[in-house]
Amino acid sequence: MIILKSKREIEIMREGGSILYNILSDLLKEVKEGVESSYLNILAEELMENYNAKPAFKGYRGYPYSICVSINDEVIHGFPIKEKVFKEGDVVSIDIGIIYKGYYTDMAYSVPVGEVDDEKRKLLETGEKILFQGISEATIGNRIGNISNTIETNALKNGYSVVKEFIGHGVGKKLHEEPEVPNFGSKDNGPILKEGMVIAIEPMICMGKGDVYVANDGWTVKTKDGKISVHFEHTVVITNNGPSILTLPGKQNER
Ligand code: MF3
Ligand code: CO
């Protein structure tokens, strides 16, 4: 069942979303050569506490940290541990979720460490663009498949692939609600979008093939071909005026 959110619930999620945006922005500023990814987890927990928000991921199905930090061929669910130190030229994805006043919001972004080559820069730029192309399809009367198909088509058009094993999702009083939001498939698939639906759209775009496996730590999802992958995610509400991104700073996320 897809749970539609009321105006009041959406306002709370908008507040949570702007807090999440602020926290993730602060974390992304610390993605620099020589920084241990464990530092970002500590910083994230401090920032969440300052905003009266709780980590959504810690303890979720036993996940041990408050954020995911995935480097290069790590696609998602990477552990933020001190053994993982950022190097010049790395591509770093940070995924973070919070619970604020009882509601979850979810967001992820990929950034370069220092200077990266043109190939990586293009993957980062295109990945972000593909997220927004997907979001633009989140309009009343469209199907989830319109979002999925746009993401996949644009990835393939640029010579990239999408990960199929992990997908976006509804979000609200739980981190994962219906509907499923795949990053591939036909336009005719999935539920019709209605006002008040809130979904996390999260393309995972790969330079090589989209085939992945779970590493020995039981969590980190990596590309089989060892090629680089990026991950961009926003929490979005479907409104009468089209898609409205909840995970943006204060004023900007009103629509
Ligand atoms: N953005 C991811 C998702 O929506 C985060 C889940 S990570 C976990 O599925 F640690 F919480 F599992
Ligand atoms: Co998500």
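Look up a bit, the structure's there.
These notes cover the structure that comes with them. Since the structure is predicted, the reported quantities are computational estimates derived from the model, not experimental observations.

1. A word on the coordination of the cobalt ion (ligand 2)
Right, on to step 1. Coordination of the cobalt ion (ligand 2) by the protein involves Asp106 (OD), His169 (NE2), Glu202 (OE) and Glu233 (OE), with metal-donor separations of 2.0 to 2.2 Å.
Right, on to step 2. Taken together, the 6 donor atoms coordinating the cobalt ion (ligand 2) and their angles of 64 to 168° define a geometry best described as irregular.
Right, on to step 3. Motif for the cobalt ion (ligand 2), donor spacing along one chain: D-x62-H-x32-E-x30-E. Highlighted residues: Asp106 in strand S5 (residues 103–112) and His169 in strand S7 (residues 168–170), separated in sequence by 63 residues. Assigned by exposure class, Asp106 and His169 land together as buried.

2. Points about helix H4 (residues 144–157)
Right, on to step 1. Here H4 is 14 residues long and its end C-alpha atoms lie 20 Å apart, about the 20 Å a rise of 1.5 Å per residue gives.
Right, on to step 2. For H4, the buried fraction is high: 11 of the 14 residues fall into the buried class.
Right, on to step 3. Those residues of H4 hidden inside the fold are in contact with helix H3 (118–135), strand S6 (161–162), strand S8 (177–181), strand S9 (198–201) and strand S10 (204–206).
Right, on to step 4. Once H4 ends, the next one or two residues include Gly159, with phi positive near 85°.

3. Examining the state of the cysteines
Right, on to step 1. Under the criterion given, the structure shown has 0 disulfides.
Right, on to step 2. Distance from the sulfur of Cys68, which forms no disulfide, to the nearest cysteine sulfur (Cys206) is 16 Å.

4. A few points about the packing of aromatic side chains
Right, on to step 1. A complete count under the given rule lists 5 aromatic pairs for this structure.
Right, on to step 2. For the ring pair Tyr63 and Phe79, a centre distance of 5.7 Å and an interplane angle of 65° mean the geometry is edge-to-face. Remark: Phe79 occurs in the loop between strand S3 (74–76) and strand S4 (91–100) and Tyr63 occurs in the loop between strand S1 (54–55) and strand S2 (67–71); sequence separation between them is 16 residues. Take Tyr63 and Phe79: they sit in the same class, and that class is buried.
Right, on to step 3. Between Tyr63 and Trp219, the aromatic rings sit 4.9 Å apart at their centres with planes inclined by 80°, giving edge-to-face as the arrangement. One end of the pair, Tyr63, is in the loop between S1 and S2; the other, Trp219, is in the loop between strand S11 (212–214) and strand S12 (221–223), with 156 residues separating them in the sequence.
Right, on to step 4. Following the ring pairs from residue to residue traces out a cluster consisting of Tyr63, Tyr65, Phe79 and Trp219.

5. Describing the pattern of salt bridges
Right, on to step 1. Summed over the entire model, instances satisfying the criterion amount to 13 salt bridges.
Right, on to step 2. A salt bridge links Glu45 to Lys58; the shortest N-O distance between them is 3.0 Å. Separated by 13 residues along the polypeptide, Glu45 in helix H2 (residues 37–50) and Lys58 in the loop between S1 and S2 bring together distant segments of the chain.
Right, on to step 3. Given the relative accessible area of 26%, Glu45 is considered partly exposed.
Right, on to step 4. Lys164 is the salt-bridge partner of Glu152, the closest N and O atoms lying 3.8 Å from each other. Linking Glu152 in helix H4 with Lys164 in the loop between S6 and S7, this pair joins segments that are 12 residues apart in sequence.
Right, on to step 5. According to the relative accessible area criterion, Glu152 is buried, its value standing at 17%.
Right, on to step 6. Assessed through its relative accessible area of 45%, Lys164 is described here as partly exposed.

Rules used throughout
Residues numbered from 1 in each chain as written. Chains lettered and ligands numbered in written order. Predicted model: local features only at pLDDT ≥ 70, side-chain atom pairs only at ≥ 80, totals over all residues. Heavy atoms only, no water. Donors = N, O, S within 2.8 Å, 3.2 Å for Na, K, Ca; no water. Tetrahedral: all angles 85-135°; square planar, octahedral: opposite > 155°, others 65-115°. Helix = DSSP H or I, 4+ residues; strand = E, 2+ residues; numbered from the N terminus. Buried < 20%, exposed > 50% of the residue type's maximum accessible area, 1.4 Å probe, protein only. Expected span 1.5 Å × (residues − 1). Contact = heavy atoms within 4.5 Å. Disulfide = S-S within 2.5 Å. Phe/Tyr/Trp six-rings, centres within 6.5 Å; stacked < 30°, edge-to-face > 60°. Salt bridge = Lys/Arg side-chain N within 4 Å of Asp/Glu carboxyl O.

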